[in-house]
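Topology and contacts: notes
Listed below are the residues making up each chain.
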Amino acid sequence: KTEVMRNITEFTLGTEFGVVLFNQQIAKFPENGFTAEVTPETRENAAEFIQSVQGGSGSCVLEALLAALQFAEAAKARTKLIIYVGDGAGLCGPRDESEYLSATLKQVTERNHGNAWISTIGVLEPIRQNEKFLIDLAEQNGGSYTRIER
């Protein structure tokens, strides 16, 4: 939440943005799936939204990235950037994690087809088992990868 808020406070006025937070559920700001324009009011509303979302189990990254792509597709900006902040886990339902992450990478990259850059920020514990997913997602979608160790 801290990293997401830091990014929003650094956006210049007028920048279009959307936020997708996820575990087994998806929470979006704005809820309608269309981007918001940065104003002091939308920054405040986004901060309230981010603070209100409670953590939970699971990590349905495919569904979250598809929601983020919906924001990108609706945006008017010429340059579009999706920033994925997380540990790279893919624990969504009873599926095998490695198969789920592989399918996620393929489906997201195909749907994106170069429309948006996807950069990833890995907030990792000492075990880095899903770092490759984060690296591949960024590389295959024109973005960059940054690791933050907690």
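The paragraphs below set out a description of the structure included in this document. (Residues numbered from 1 in each chain as written. Predicted model: local features only at pLDDT ≥ 70, side-chain atom pairs only at ≥ 80, totals over all residues. Heavy atoms only, no water.)

This paragraph deals with the pairing of strand E5 (residues 81-86). The side-chain alternation of E5 yields one buried face, formed by Ile82, Tyr84 and Gly86, and one unburied face, formed by Leu81, Ile83 and Val85. Considered for its hand, the β-α-β crossover made up of E5, helix H4 (residues 97-112) and strand E6 (residues 117-124) is right-handed. (Buried < 20%, exposed > 50% of the residue type's maximum accessible area, 1.4 Å probe, protein only. Helix = DSSP H or I, 4+ residues; strand = E, 2+ residues; numbered from the N terminus. Right-handed = clockwise from strand over helix to strand, strands pointing away.)

This next bit is on the packing of aromatic side chains. Under the defined criterion, the tally for this structure stands at 4 aromatic pairs. Taking 6.1 Å as the distance between ring centres and 35 degrees as the angle between the ring planes, the aromatic pair formed by Phe22 and Tyr84 counts as tilted. Residue Phe22 is found in strand E2 (residues 19-22), and its partner Tyr84 is found in strand E5; the two are separated by 62 residues along the sequence. By relative accessible area, which is 24% here, Phe22 ends up partly exposed. (Phe/Tyr/Trp six-rings, centres within 6.5 Å; stacked < 30°, edge-to-face > 60°.)

Okay, unusual backbone geometry next. In most cases, non-glycine residues show a negative phi, while peptide bonds are predominantly trans. In this chain, Phe29 is followed by Pro30 through a cis amide linkage whose omega measures -10 degrees. Despite not being glycine, His113 shows a phi value in the positive range, around 35 degrees. Relative to the helices and strands, His113 is located in the loop between H4 and E6. Residue class for His113 comes out exposed when judged on its relative accessible area of 62%.

A few words on the sheet that holds strand E7 (residues 142-149). Read from one edge to the other, the open sheet built from 3 strands follows the order E5-E6-E7, with strand pairing classed as parallel. Lying at the two open borders of the sheet, with one neighbouring strand each, are E5 and E7. Taking the axes of each pair of neighbouring strands and ignoring which way they run, one obtains an average angle of 15 degrees across the sheet. (Pairing = 2+ DSSP bridges. Axes fitted to C-alpha atoms, helices over the stretch in contact; angles between N-to-C directions.)

Turning our eyes to something else, we now look at the packing of helix H1 (residues 2-10) against helix H2 (residues 40-52). Interhelical geometry of H1 versus H2 gives an angle of 175 degrees and a closest axis separation of 11 Å. The pairing of H1 with H2 is recorded here as roughly antiparallel in orientation. Residues Val4, Met5, Ile8 and Thr9 of H1 lie in contact with H2, whose contacting residues are Arg43, Ala46, Ala47, Ile50 and Gln51. The residue inventory of the contact of H1 with H2, partitioned by class, reads 6 nonpolar, 2 polar and 1 charged. (Parallel < 35°, antiparallel > 145°, perpendicular 65-115°, else oblique. Contact = heavy atoms within 4.5 Å. Nonpolar A, V, L, I, M, F, W, Y, C, P; charged D, E, K, R; others polar.)

Moving on: the nonpolar core. One finds Val61, Leu65, Ile82, Tyr100, Val108, Phe133 and Leu137 to be the most contacted residues of the largest nonpolar core, which totals 25 residues. Secondary-structure elements contributing two or more residues to this core are helix H3 (61-74), E5, H4, E6 and helix H5 (131-140). Core analysis: the second largest hydrophobic core is formed by 14 residues, Val19, Ala27, Ala46 and Phe49 among them. (Core = buried A, V, L, I, M, F, W, Y, C linked by side-chain atoms within 4.5 Å.)

Glancing now at the pattern of salt bridges. Under the criterion given, the structure shown has 7 salt bridges. When the shortest N-O distance is used, the salt bridge between Arg147 and Glu131 registers 2.8 Å. With Arg147 in strand E7 and Glu131 in helix H5, this residue pair connects regions lying 16 residues apart in the sequence. A relative accessible area of 12% places Glu131 in the buried class. In this structure, Lys132 and Asp136 form a salt bridge, with 2.7 Å as the shortest nitrogen-oxygen distance. One end of the pair is Lys132 and the other is Asp136, both in helix H5 and 4 residues apart, which spans about a single turn. For Asp136, a relative accessible area of 16% translates into the label buried. The structure contains a network of salt bridges with shared partners spanning Glu3, Arg6 and Glu10. (Salt bridge = Lys/Arg side-chain N within 4 Å of Asp/Glu carboxyl O.)

So yeah, pure geometry; function would need other evidence.
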